[in-house]
Amino acid sequence: PSCPTHPQGTNAVVDTLKRMMFNGSPFAENNIIIFDRTQYELQGSGYTINTSTAGVRCFATSSSGVGYSTQNYNVNGSTQKLSRIVTEMCDYLINISVLKNHGAGGVTLCLKNHYGTCDTPGNMHGGDCDPYIPALNALQPIRTKQKVNIIDALYGIRTGGPGGPPQFVANKLIMSTDIVATDYWGRRVLQDNGSPTIGQAHHIDTAATTYGL
């Protein structure tokens, strides 16, 4: 909650979607879901839970009646279930991460953001999270649905991430339909601001060279 994906940025994306026209009608706002893994994290980051049939919905995998898929997915030998929000409730994904370093994966940007969509991410931190992070993103429900990737780089954490308050002002939004390109530039901004863990963030290169993401 000290350095979240800011509601102001998320709401700007939502407002844009609501202005888009589909077959002559505005995009139905109740078809938009803002989600994270727990309601506690959403509320602690300034989001308001809404599970009703009116307005933009906002809830978590931990919310009542949601949970994880019955299907198991093989992520480089680690058995994972994915959030039903991803597998059953969404046709398209807009991935909005934060500019942070990470002691295990080097950085935690859009690719690693999906550690919040699987049930046991703690099992995938070996080897600097490589190739677990790209293998997770290569799963069909994620790879085929994910359309836009955004890094909320208004503020950044260069060291000690992902917890704690922001340590510098990057004042940027990084976005692309290419998740590897998005994370490449996020890593570059962290490097330019003195992050000491950049050398561990080789999962971004693996995502391109081995998994074709």
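See above for the structure.
Bear in mind that the values here come from a model prediction, so they are computed numbers and not experimental data. (Residues numbered from 1 in each chain as written. Predicted model: local features only at pLDDT ≥ 70, side-chain atom pairs only at ≥ 80, totals over all residues. Heavy atoms only, no water.)

Draft legend 1. Structural view of the overall build of the protein chain. Assigned secondary structure in the protein chain consists of 8 helices and 10 strands. Relative to the globule expectation of 17 Å for 213 residues, the C-alpha radius of gyration of the protein chain, 17 Å, shows essentially globular dimensions. Taking all 213 residues of the protein chain together, the buried fraction comes to 46%. Put simply, 61% of the contacts in the protein chain that link residues at least 6 apart link residues at least 24 apart. (Helix = DSSP H or I, 4+ residues; strand = E, 2+ residues; numbered from the N terminus. Rg over C-alpha atoms; globule rule 2.2 N^0.38 Å. Buried < 20%, exposed > 50% of the residue type's maximum accessible area, 1.4 Å probe, protein only. Contact = heavy atoms within 4.5 Å.)

Draft legend 2. Molecular detail of the packing of aromatic side chains. In this structure the tally under the stated criterion is 2 aromatic pairs. When the ring of Tyr184 is compared with that of Trp185, the centres are 5.3 Å apart and the planes differ by 85 degrees; the resulting orientation is edge-to-face. (Phe/Tyr/Trp six-rings, centres within 6.5 Å; stacked < 30°, edge-to-face > 60°.)

Draft legend 3. The arrangement of the sheet that holds strand β7 (residues 93-102) in detail. Taken in spatial order, the 4 strands make up an open sheet running β8-β7-β9-β10, and their pairing is mixed. Either end of the sheet is taken by a strand with one partner, and the two such strands are β8 (106-108) and β10 (168-176). Neighbouring strand axes in the sheet, compared pairwise and without regard to direction, differ in orientation by 25 degrees on average. Where strand β9 (residues 146-157) meets β10, 7 bridges bridge the pair, whose relative direction is antiparallel. (Pairing = 2+ DSSP bridges. Axes fitted to C-alpha atoms, helices over the stretch in contact; angles between N-to-C directions.)

Draft legend 4. Structural detail: the pairing of strand β4 (residues 57-60). By the bridge criterion, 4 bridges tie strand β3 (residues 33-36) to β4 in an arrangement that is parallel. Its bridge partner lying in β4, Phe35 is registered against Phe59. Crossover connection from β3 via helix α2 (residues 39-44) to parallel β4: handedness right-handed. (Right-handed = clockwise from strand over helix to strand, strands pointing away.)

Draft legend 5. Structural context of unusual backbone geometry. That bond from Asp130 to Pro131 is cis: its omega, 15 degrees, falls within 30 degrees of zero. Note on placement: Pro131 falls in the loop between α4 (110-113) and α5 (132-137). Following Gly161, the chain continues into Pro162 via a peptide bond in cis, with omega recorded as 10 degrees. Relative to the helices and strands, Pro162 is located in the loop between β9 and β10. Even without being glycine, Asn76 reaches a positive phi, approximately 50 degrees. Tracing the backbone shows Asn76 in the loop between β5 (73-75) and β6 (78-80). Its identity as a non-glycine residue notwithstanding, Asn171 has a phi of 55 degrees, on the positive side. Checked against the element boundaries, Asn171 lands in strand β10. The class for Asn171 is exposed, based on a relative accessible area of 61%.

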